[in-house]
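Letter by letter, the chains look like this.
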Amino acid sequence: MPARLRFPMLRLTCAAVATAAALTTTAVQAGEVEVLHWWTSGGEAEAVGTLRDLLEQEGHSWKDFAVAGGAGDSAMTVLKSRAMSGNPPSAAQINGPEIQEWGELGLLGNLDDVAQEGNWDELLPDVVANMMKYDGHYVAVPVNVHRVNWLWANPEVLAAAGVEVPTSWDELFAAGEKLREAGYVPLAHGGQPWQDATTFETVVLSLGGADFYRNAFVELDEDTLKSETMIEALDTFKRLRELMDEGMPGRDWNLATKMVIDGQAAMQIMGDWAKGEFSAAGMKAGSDYVCAPVPGTDADFIFNIDSFAMFQLEDESAAEAQKTLARLILEPDFQESFNKIKGSIPARPDLDMGDFDSCAQRSMEDFKAAQANDTLVPSVAHRMAMRSDVQGAFFDIITNYFNDESMTAEQASERLAQAASLAF
Ligand code: GAL
């Protein structure tokens, strides 16, 4: 308990019973929040530290429940087992439609009073606010908006091979040949299902456009999933293997980013949490590393919103600490300090982006433009687009197809269409 809450208690006298009662209430309110998240890479851990510090400055304590594993697949498994044993953490990083699934189970608390006080309805874009609500009530709070369709490049490596940042798939494959000849890995990749899906969804968006992407991955339309365009996207996706290295199976995403940082690889397709790793390595956006939209997706924005859902709590002080956490997350202090480190943009678009780096500034501009032009689409790989069971089936198909030489694009597209029928 911090001094400012503990100290007055030492001064209690019998004559001050009324005051004592008030102070006791204040003191009881200092509580602990156990926070489940999967932010364990260098940039991620530094970023989440800003939230812990702010919570502690308010007199509450933070119990860290970090479960390693990019995109949170392991974290979600651990969360389910904790919840099944009747002991969920007070706050958990849960993203996208899964918030609704937890809401249906009746386990989430209600944040409407915090939201009302903080004016969340006004502050948040509809697409963000809607995801945070279950049955019309706030049950989660958004931390940021990540853009998934980014290509990261090491400009020194590109220059050494005499190539430019590619703006089309043809240019990317042509640059890949030159980079190989010059002794570099053209495209750093980690062979894990979510990373395969991350790459695949950017190719689908590039070749099909935003409406096609939505028909395929949000509407789960069978004809779209079996279309020529989808088959072409599957072919292009598999061809990207030519640009990757043999060490990719199982590699963590941040180790792939490190290959670009170290100049062993030229580029990586990854969401802008990769920027957190470049920054942690002391590199500057625009000079030491460059960001560009994945070829053919300049006008589009695949979004991935990180958020914390809050579980129902009985203990009064823990509930108070939990509400404080929810409030702090949308305050400008946290939104600015966290997102600068994390690589994302603030969840509330009203903040001044002047102090952010050029990639973040571009991301915010592109987010607003995509919102206005209806080219803002949810990430499949990061649980924004579909129910978790269908998403799991999609992951398996995408990864099996990517790794199985004998599976054709036609077979993969048939399987995607079959998996989509799970949803109906
Ligand atoms: C995403 C998450 C990001 C980032 C990434 C890698 O799903 O939204 O914040 O941490 O996983 O772990």
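Residues numbered from 1 in each chain as written. Predicted model: local features only at pLDDT ≥ 70, side-chain atom pairs only at ≥ 80, totals over all residues. Heavy atoms only, no water.

(A) Examining unusual backbone geometry more closely. One non-glycine residue, Ala-71, adopts positive backbone phi at about 65 degrees. Position of Ala-71 among the secondary structure elements: in the loop between strand S2 (61-66) and helix H4 (73-84). Classification of Ala-71 as buried rests on a relative accessible area of 8%. Residue Asp-374 is not a glycine yet carries a positive backbone phi of 60 degrees. (Helix = DSSP H or I, 4+ residues; strand = E, 2+ residues; numbered from the N terminus. Buried < 20%, exposed > 50% of the residue type's maximum accessible area, 1.4 Å probe, protein only.)

(B) Representation of a negative patch on the surface. Taken together, Glu-228, Glu-232, Asp-235 and Glu-410 make up a surface patch of like negative charges. Among the elements that line the negative patch, the one with the most residues is helix H13 (residues 228-239), at three residues. Mapped onto the fold, Asp-235 is located in helix H13. When its relative accessible area of 44% is taken as the criterion, Asp-235 is described as partly exposed. (Patch = residues over 30% accessible without salt bridge, like charges linked within 9 Å, V, L, I, M, F, W, Y side chains within 5 Å. Areas by Shrake-Rupley, 256 points an atom, 1.4 Å probe, with all protein chains shown as cover. Salt bridge = Lys/Arg side-chain N within 4 Å of Asp/Glu carboxyl O. Lys, Arg positive; Asp, Glu negative; His and termini not counted. Charge placed at Lys NZ, Arg CZ, Asp CG, Glu CD.)

(C) View of the environment of Val-143. On the secondary structure map, Val-143 appears in the loop between strand S6 (140-142) and strand S7 (144-147). On a C-alpha basis, the gap between Val-143 and Gln-264 in space is 33 Å, while along the polypeptide they are 121 residues apart. Those residues in contact with Val-143, other than ones at most four positions away along the chain, are Trp-39, Asp-306, Ser-307, Phe-308, Ile-329, Phe-334, Gln-335, Phe-338, Asn-339 and Ala-347. (Contact = heavy atoms within 4.5 Å.)

(D) Structural context of the pairing of strand S8 (residues 150-153). Taking every second residue as pointing to the same face, both faces of S8 are buried, with Trp-150 and Trp-152 on one and Leu-151 and Ala-153 on the other. Summarising the sheet, S8 and strand S11 (residues 290-293) pair through four bridges and their orientation is antiparallel. Counted as the bridge partner of Trp-150 is Pro-293 from S11. Sheet topology places S8 next to strand S10 (residues 265-269); three bridges connect them, and they run antiparallel. If you follow Trp-152 over to S10, its bridge partner there is Gln-268. (Pairing = 2+ DSSP bridges.)

(E) Examining the packing of aromatic side chains more closely. Considering all chains together, one arrives at 17 aromatic pairs under this definition. Seen in terms of ring centroids, Phe-217 and Phe-394 are 6.2 Å apart; in terms of plane orientation they differ by 75 degrees. Their pairing is edge-to-face. With Phe-217 in helix H11 (residues 193-217) and Phe-394 in helix H19 (residues 388-403), this residue pair connects regions lying 177 residues apart in the sequence. Each member of the pair, Phe-217 together with Phe-394, is buried. Considering the side-chain rings of Phe-237 and Phe-402, the 4.3 Å spacing of their centres and the 15 degrees angle between planes classify their relative orientation as stacked. With Phe-237 in helix H13 and Phe-402 in helix H19, the pair connects residues that are 165 residues apart, well separated along the chain. Assessed through its relative accessible area of 0%, Phe-237 is described here as buried. (Phe/Tyr/Trp six-rings, centres within 6.5 Å; stacked < 30°, edge-to-face > 60°.)

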